[in-house]
Amino acid sequence: MDTNRFKSSHDFSNIQKNLHNNPGYHAESHSQQVKDYMNDMKTKNQEPTKQGFMAHAQKSAKDVWEEIQEMASEAWDNNQNHSKKDQ
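Now for a description of the structure that goes with this document. Note that the structure is predicted; figures quoted are calculated from it, not measured.

Reading the values: the criteria
- Residues numbered from 1 in each chain as written.
- Predicted model: local features only at pLDDT ≥ 70, side-chain atom pairs only at ≥ 80, totals over all residues.
- Heavy atoms only, no water.
- Helix = DSSP H or I, 4+ residues; strand = E, 2+ residues; numbered from the N terminus.
- Buried < 20%, exposed > 50% of the residue type's maximum accessible area, 1.4 Å probe, protein only.
- Patch = residues over 30% accessible without salt bridge, like charges linked within 9 Å, V, L, I, M, F, W, Y side chains within 5 Å.
- Areas by Shrake-Rupley, 256 points an atom, 1.4 Å probe, with all protein chains shown as cover.
- Salt bridge = Lys/Arg side-chain N within 4 Å of Asp/Glu carboxyl O.
- Lys, Arg positive; Asp, Glu negative; His and termini not counted.
- Charge placed at Lys NZ, Arg CZ, Asp CG, Glu CD.
- Contact = heavy atoms within 4.5 Å.

What follows deals with the overall build of the chain. Helix and strand counts for the chain come out as four helices and zero strands. Of the regular secondary structure in the chain, the N- to C-terminal order runs α-α-α-α. Counting every position in the chain, which comprises 87 residues, the buried fraction comes to 8%.

The structure is reproduced here in structure tokens:
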């Protein structure tokens, strides 16, 4: 795993830089997600609800978590392969 990239993405000394590196954390981004959800529900002739939006957001978080798990698994496997070669 590239720990240098991990550290730079969690730079607490410069909040604006951190937000720039992680655009999903912008308040405007979440506001836009709400607007997109509401428009999507209106086009489907359904009533947008907070509970529905939260369920939609949870699905997105689950997808991200699965991607993280996949990357971590690949990193583990790659490390095991390198360890075997070094022996």
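Right, let's talk about a negative patch on the surface for a bit. A contiguous patch of negative charge, built from Asp63, Glu66, Glu67, Glu70, Glu74 and Asp77, is present on the exposed surface. Along the chain, the position of glutamate 70 falls in helix H4 (residues 50–86).

Bringing unusual backbone geometry into the picture now. In this model, asparagine 45 sits at a positive phi of 55°, which is unusual for a non-glycine residue. Along the chain, asparagine 45 falls in the loop between helix H3 (27–43) and H4. Among the residues examined, asparagine 45 registers a relative accessible area of 74% and is labelled exposed.

Let's shift gears to a nonpolar patch on the surface. Where nonpolar side chains cluster on the molecular surface, the patch consists of Val64, Trp65, Ile68 and Met71 and spans about 410 Å² of accessible area. Turning to its location among the elements, methionine 71 is positioned in helix H4.

Moving on, we come to the environment of tyrosine 37. Its location among the elements puts tyrosine 37 in helix H3. Along the backbone, tyrosine 37 and histidine 56 are 19 residues apart, and their C-alpha atoms lie at a distance of 8.3 Å. Residues in contact with tyrosine 37, not counting those within four places in the same chain, are Pro48, Thr49, Gly52, Phe53 and His56.

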